[in-house]
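For reference, the chains in residue letters:
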Amino acid sequence: QVQLVESGGGLVQPGNSLRLSCAASGRIFTFNAMAMGWYRQAPGKEREPVASIDSGGSTDYADSAKGRFTISRDNAKNMAYLQMNSLKPEDTAVYYCKANKNGRIYWGQGTQVTVSS
């Protein structure tokens with residue numbers, strides 16, 4: 001089993017930044033081999049991908065995140081991050097961390113991000 005715990009969410013004004021963290025624990029023998037991703041779900045909407053990073057460090061972003069968000073990972077700490085800049089009200093959502101370990105998917109419990117003046 002792999003446990004994921006997100007943190008770093010909160011209430012911010014438009015234009016500001018937040019950094020989300022995802023801590024992985026449990027039966028992790030090779031965190032660096034796991035693909036990690038961030039998803040979000042706004043009220044009344046389906047969960048959607050935001051950004052991903054594979055075991056080799058290659059990243060991919062949703063169009064809405066390109067140029068504003070940066071995903072990264074620290075394999076030594078079993079951590080993944082999402083740096084979010086220039087936040088907009090439409091970024092308001094619960095953000096979830098996702099891990100893919102040998103095809104098995106794990107999710108965190110989510111962290112709320114609210115962008116409002």
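Preceding this paragraph is the structure being described.
Source: prediction; values computed, not measured.

### Some words on the overall build of the protein
- Looking only at helices and strands, the protein features 0 helices and 11 strands.
- The secondary structure elements of the protein, listed N-terminal to C-terminal, are β-β-β-β-β-β-β-β-β-β-β.
- Summarising the internal contacts of the protein: among those between residues at least 6 apart in sequence, 54% fall at separations of at least 24.
- For the protein, the computed accessible surface area is about 6200 Å², with 45% contributed by carbon and sulfur atoms.
- Separation between the mean location of the 13 positive side-chain charges and that of the 9 negative ones in the protein comes to 6 Å.

### Overview of the sheet that holds strand β8 (residues 79-84)
- Pairing is antiparallel across the open sheet formed by 4 strands, whose spatial order is β1-β3-β8-β7. In this open sheet, the two strands that pair with only one neighbour each are β1 (2-7) and β7 (69-74). Across the sheet, the axes of successive neighbouring strands diverge by a mean angle of 15°, strand direction being ignored.
- Across 6 bridges, strand β3 (residues 18-26) lies against β8 in antiparallel orientation. Bridged to alanine 23 within β8 is methionine 79.

### Concerning the pattern of salt bridges
- In this structure the tally under the stated criterion is 4 salt bridges.
- A salt bridge links arginine 40 to glutamate 48; the nearest nitrogen and oxygen atoms lie 2.8 Å apart.
- You can call glutamate 48 partly exposed: its relative accessible area is 34%.
- Put simply, aspartate 91 and arginine 40 hold a salt bridge, and the shortest N to O gap is 2.9 Å. Of this pair, aspartate 91 sits in the loop between β8 and β9 (93-101) while arginine 40 sits in strand β4 (residues 35-41), placing them 51 residues apart in sequence. No difference in accessibility class separates aspartate 91 from arginine 40, as the two residues are buried.

### Details of the packing of aromatic side chains
- Enumeration over the complete set of coordinates arrives at 1 aromatic pair.
- The ring of tryptophan 107 carries the charged tip of arginine 47 above its face, separated from the ring centre by 4.6 Å.

### Here we look at the environment of glycine 67
- Within the fold, glycine 67 resides in the loop between β6 (59-61) and β7.
- C-alpha of glycine 67 to C-alpha of methionine 84: the two residues are 17 residues apart in sequence and 9.6 Å apart in space.

### What to know about the pairing of β8
- Of all 6 residues making up β8, 5 are buried, and the element is well covered by its neighbours.
- In this structure, β7 lies alongside β8, joined through 6 bridges in antiparallel fashion. Within the sheet, the bridge partner assigned to serine 72 lies in β8 and is tyrosine 81.
- Taken together, β7 and the strand that follows it, β8, pair antiparallel across an intervening segment of 4 residues, in which asparagine 78 is found at a positive phi of about 55°.

### Considering the side chain of arginine 40
- A relative accessible area of 7% means that arginine 40 is categorised as buried.
- There is a polar contact of 3.3 Å between the side chain of arginine 40 and the side chain of serine 64.
- One polar contact links arginine 40 to aspartate 91, side chain to side chain, over a distance of 2.9 Å.

Rules and cut-offs
- Residues numbered from 1 in each chain as written.
- Predicted model: local features only at pLDDT ≥ 70, side-chain atom pairs only at ≥ 80, totals over all residues.
- Heavy atoms only, no water.
- Helix = DSSP H or I, 4+ residues; strand = E, 2+ residues; numbered from the N terminus.
- Contact = heavy atoms within 4.5 Å.
- Areas by Shrake-Rupley, 256 points an atom, 1.4 Å probe, with all protein chains shown as cover.
- Lys, Arg positive; Asp, Glu negative; His and termini not counted.
- Charge placed at Lys NZ, Arg CZ, Asp CG, Glu CD.
- Pairing = 2+ DSSP bridges.
- Axes fitted to C-alpha atoms, helices over the stretch in contact; angles between N-to-C directions.
- Salt bridge = Lys/Arg side-chain N within 4 Å of Asp/Glu carboxyl O.
- Buried < 20%, exposed > 50% of the residue type's maximum accessible area, 1.4 Å probe, protein only.
- Phe/Tyr/Trp six-rings, centres within 6.5 Å; stacked < 30°, edge-to-face > 60°.
- Lys NZ or Arg CZ within 6 Å of the ring centre and 35° of its normal.
- Polar contact = N/O pair within 3.5 Å; in protein donor to acceptor, adjacent residues only side chain to side chain.

Just geometry here; none of it tells us what the structure is for.
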